[in-house]
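Letter by letter, the chains look like this.
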Amino acid sequence: MDIFSKIAAGEIPSYKCGEDERFYAFLDINPLVKGHTLVIPRREVDYIFDMPDEEIAAFQVFAKKVAVAIKRALPCVKVGQTVIGLEVRHAHIHLIPMQSEKDMNFANAKLQLPETEMADIAQRIYSEFQKL
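Residues numbered from 1 in each chain as written. Predicted model: local features only at pLDDT ≥ 70, side-chain atom pairs only at ≥ 80, totals over all residues. Heavy atoms only, no water.

Novice: How would you summarise helix α2 (residues 53-73) if you had to cite specific residues and measurements?
Specialist: An α-helix turns once per 3.6 residues; consequently, residues spaced three or four apart project the same way. Relative to the 30 Å expected for 21 residues at 1.5 Å per residue, α2 spans 30 Å between its end C-alpha atoms, a close match to the ideal helical length. Taken as a whole, α2 has its buried residues at E55, I56, A58, F59, F62, A63, V66, A67, A69, I70 and A73. Where α2 is buried, its residues contact β1 (16-19), β2 (23-27), β3 (37-41), β4 (78-82), β5 (93-98) and α3 (115-131). (Helix = DSSP H or I, 4+ residues; strand = E, 2+ residues; numbered from the N terminus. Expected span 1.5 Å × (residues − 1). Buried < 20%, exposed > 50% of the residue type's maximum accessible area, 1.4 Å probe, protein only. Contact = heavy atoms within 4.5 Å.)

Right, here's the structure in full:
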């Protein structure tokens, strides 16, 4: 079982932002900006484009719901989406609250936020997610 599967299963603590039976969303522990969220399928699959059409469509719809929750919880111009990441062999979408396109630059320094702030941000996003 990979690290993201362990997070989705609750074996490794995370800052949950949304979930259903197929997908899970949680705060990135090395965020580019406050609210930077990862969305993953619970099923282990390395490459997003190896997912069957129905599954990738459902994945995107779930990510959209999380993005709406992020935008409601954390005022921003838009929520950017990117699919990158070779370090964890588990498909994942980055959702990043944006004030400008510079917020999407992965070369930027990562934030180090206190646990209490991470928990507060996750709770705000999860609360909005549950309303959708």
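What follows picks up the thread again.
Novice: Tell me what's going on with the pairing of β3, and back it up with residues and numbers.
Specialist: Of all five residues in β3, five are buried; the element is thus mostly enclosed. Where burial is concerned, the two faces of β3 agree: the one with T37, V39 and P41 and the one with L38 and I40 are both buried. Both β3 and β5 contribute to a ladder of three bridges, which runs antiparallel. Residue pairing in the sheet places L38 in a bridge with H94 of β5. (Pairing = 2+ DSSP bridges.)

Novice: Give a description of the sheet that holds β5 that names residues and reports values.
Specialist: Read across the open sheet, the five strands follow the order β1-β2-β3-β5-β4; overall the sheet is antiparallel. For this open sheet the edge positions go to β1 and β4, each flanked by a neighbour on one side alone. Mean inter-strand twist for the sheet, computed between neighbouring axes without regard to direction, equals 20 degrees. Strand contacts of α3: β1, β2 and β3, with the helix running at about 25 degrees to β1, the strand carrying the most contacts. (Axes fitted to C-alpha atoms, helices over the stretch in contact; angles between N-to-C directions.)

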